[in-house]
Amino acid sequence: MPSVAEVPPAIKAQEIAGRWGLAAYHNPQDLKRTEAAARNGCRQPYNIGMGPSGGVIMHMPDKAQPEELRLKGAPGNKTFIGPPGEPAGGMQDREITSFDGRTMTVRFLDPEVSGRYGTQVYVRCAPRA
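This structure is a prediction, so every number in the text was calculated from the model and none was measured.

What counts, and at which threshold
- Residues numbered from 1 in each chain as written.
- Predicted model: local features only at pLDDT ≥ 70, side-chain atom pairs only at ≥ 80, totals over all residues.
- Heavy atoms only, no water.
- Helix = DSSP H or I, 4+ residues; strand = E, 2+ residues; numbered from the N terminus.
- Rg over C-alpha atoms; globule rule 2.2 N^0.38 Å.
- Buried < 20%, exposed > 50% of the residue type's maximum accessible area, 1.4 Å probe, protein only.
- Contact = heavy atoms within 4.5 Å.
- Areas by Shrake-Rupley, 256 points an atom, 1.4 Å probe, with all protein chains shown as cover.
- Core = buried A, V, L, I, M, F, W, Y, C linked by side-chain atoms within 4.5 Å.
- Salt bridge = Lys/Arg side-chain N within 4 Å of Asp/Glu carboxyl O.
- Pairing = 2+ DSSP bridges.

Visitor: Hey, could you go over the overall build of the protein chain for me, with residue numbers and the actual values?
Guide: The helix and strand inventory of the protein chain stands at three helices and eight strands. Ordered by position from the N terminus, the helices and strands of the protein chain form the series α-β-α-β-β-β-β-β-β-α-β. Relative to the globule expectation of 14 Å for 129 residues, the C-alpha radius of gyration of the protein chain, 15 Å, shows essentially globular dimensions. Taken along its principal axes, the extent of the C-alpha atoms in the protein chain is 50 × 35 × 30 Å. Expressed as a percentage of the 129 residues in the protein chain, the buried residues total 42%. Partitioning the intrachain contacts of the protein chain with sequence separation of at least 6 by distance along the chain shows that 47% fall at a separation of at least 24. Total accessible area computed for the protein chain in this model is approximately 7600 Å², and 54% of it derives from carbon and sulfur atoms.

Visitor: Could you give an account of the nonpolar core, naming the residues involved and the relevant values?
Guide: Counting residues in hydrophobic clusters, the biggest one holds 16 residues, and the most contacted among them are Ile-16 and Ile-48. Broken down by secondary-structure element, the contributors of at least two residues to this core are helix H1 (13-16), strand E2 (46-50), strand E3 (56-58), strand E4 (67-74) and strand E7 (103-108). Every residue in contact with Ile-16, bar those within four places of it in the chain, is listed here: Ile-11, Ile-48, Val-56, Leu-71, Ile-81, Phe-99, Met-104 and Arg-124. Grouped together as the second largest cluster of nonpolar side chains are five residues, Tyr-25, Ala-38, Val-121 and Val-123 included.

Visitor: Can you lay out the pattern of salt bridges for me, pointing to particular residues and giving the numbers?
Guide: Here the structure, examined in full by the defined rule, presents six salt bridges. Measuring nitrogen to oxygen at the nearest pair gives 3.6 Å for the salt bridge that ties Glu-35 to Lys-32. Of this pair, Glu-35 and Lys-32 both sit in helix H2 (residues 31-40), separated by three residues, roughly a single helical turn. Salt bridges sharing common partners tie together Asp-62, Glu-112 and Arg-116.

Visitor: Which residues make up the pairing of strand E8 (residues 119-124), and what values go with them?
Guide: Across a regular strand the side chains alternate sides, sitting on one face of the sheet and then on the other. The buried count for E8 comes to six of six residues, which makes it a mostly enclosed element. Here E8 shows no split at all, with Thr-119, Val-121 and Val-123 on one side and Gln-120, Tyr-122 and Arg-124 on the other all buried. Relative to E8, strand E1 (residues 18-25) is paired through six bridges, and the arrangement is antiparallel. Within the sheet, the bridge partner assigned to Ala-23 lies in E8 and is Val-121. Bridging between E7 and E8 involves four bridges; their strand directions are antiparallel. What sits directly across from Thr-103, in E8, is Val-123.

Right under this line is the structure:
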């Protein structure tokens, strides 16, 4: 049986590794205010590290310890972050809905998790002086 070719992610792990301010919203009208709150979050940044297998080190919902997750590509230039070994767009994945290098917006695909965590907004923190 032929295997389905894996789609490369539109965003690479190295592009999202680093220090980020993080905030979340449930109401799309709150996006601008949430971006400002995320910038203020750089006082206690969320660190996205590089994993030993080329993924990123991040937390799964409701897990205390971060783990290595993969960036997965999907048709339509979509990029998902989720557990390795699962196809892109699975219920444990989150989708990067926007990314410009400085700001990244991410939503969980599982409706129950998304309902609790909202849409996450990451704003890259300035390099340490």
